[in-house]
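# Inside the fold
Spelled out from the first residue to the last, the chains are:
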Amino acid sequence: MWPFTARCRNCAATVILKIPRWQNVLFQILGQIAFWGILLSGLLVGGSNVIVAALAGAIIAIMIAIIPGIFAELDVNR
């Protein structure tokens, strides 16, 4: 599991976000596939659509990469 931690300043409790590694890797790969697919479709159309396609691909890839964090488990340690 890939941990992300945050610590409370008042009570010193630690919250850990646990994402399974396979899920993190899977969504990183899907994000790359989506980015390159959108970018290549923008290249096929031509013109200034390449810049728009690159920005859209980057936004979609970031959104896909965030998905595992939404469904991850939170573990609180005191």
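Residues numbered from 1 in each chain as written. Predicted model: local features only at pLDDT ≥ 70, side-chain atom pairs only at ≥ 80, totals over all residues. Heavy atoms only, no water.

### Some thoughts on the side chain of Thr-14
This is how the line gets drawn: Numbered from the N terminus, helices here are DSSP runs of H or I no shorter than four residues, and strands are runs of E no shorter than two. Buried, partly exposed and exposed residues are distinguished by accessible area as a fraction of the type maximum, computed with a 1.4 Å probe on protein chains only: under 20%, between the cut-offs, and over 50%, respectively. Identification of polar contacts relies on pairs of N or O atoms within 3.5 Å, with a donor-acceptor requirement for protein atoms, meaning one able to donate a hydrogen and the other able to accept it, and with residues adjacent in sequence counted only if both atoms are side-chain atoms. In what follows, residue pairs with any heavy atoms lying within 4.5 Å of each other are defined as contacts.
Locating Thr-14 in the fold gives a position in strand E2 (residues 14-19). Classification of Thr-14 by relative accessible area gives buried; the value is 14%. Engagement of the side chain of Thr-14 in a polar contact is seen with the side chain of Arg-7, the distance being 3.5 Å. If sequence neighbours within four positions are ignored, Thr-14 has contacts with Thr-5, Ala-6, Arg-7, Asp-75, Val-76 and Asn-77.

### Observations concerning unusual backbone geometry
Look at Ala-12: it is not a glycine, yet its phi comes out positive at around 65 degrees. With respect to the helices, strands and loops of the structure, Ala-12 is situated in the loop between strand E1 (2-7) and E2.

### A look at the environment of Ala-34
On the secondary structure map, Ala-34 appears in helix H1 (residues 21-45). Between the C-alpha atom of Ala-34 and that of Ala-61, which follows or precedes it by 27 residues, the distance is 6.3 Å. Setting aside anything within four residues of it in sequence, one finds Ala-34 in contact with Ile-60 and Ile-64.

### A look at a nonpolar patch on the surface
Put simply, the rule reads: Residues form patches when they are more than 30% accessible in relative terms and have no salt bridge. Like charges link within 9 Å. Nonpolar side chains (Val, Leu, Ile, Met, Phe, Trp, Tyr) link within 5 Å. Each accessible area is a Shrake-Rupley estimate made with a 1.4 Å probe; only the visible protein chains count as cover when residues are assessed. Between Lys or Arg on one side and Asp or Glu on the other, a salt bridge is scored when a side-chain nitrogen of the former is within 4 Å of a carboxyl oxygen of the latter.
A cluster of nonpolar residues, Trp-22, Val-25, Leu-26, Ile-29, Leu-30 and Ile-33, forms a patch on the protein surface that exposes about 600 Å² of accessible area. Tracing the chain through its elements places Ile-33 in helix H1. Exposure remark for Ile-33: the relative accessible area of 53% places this residue in the exposed category.

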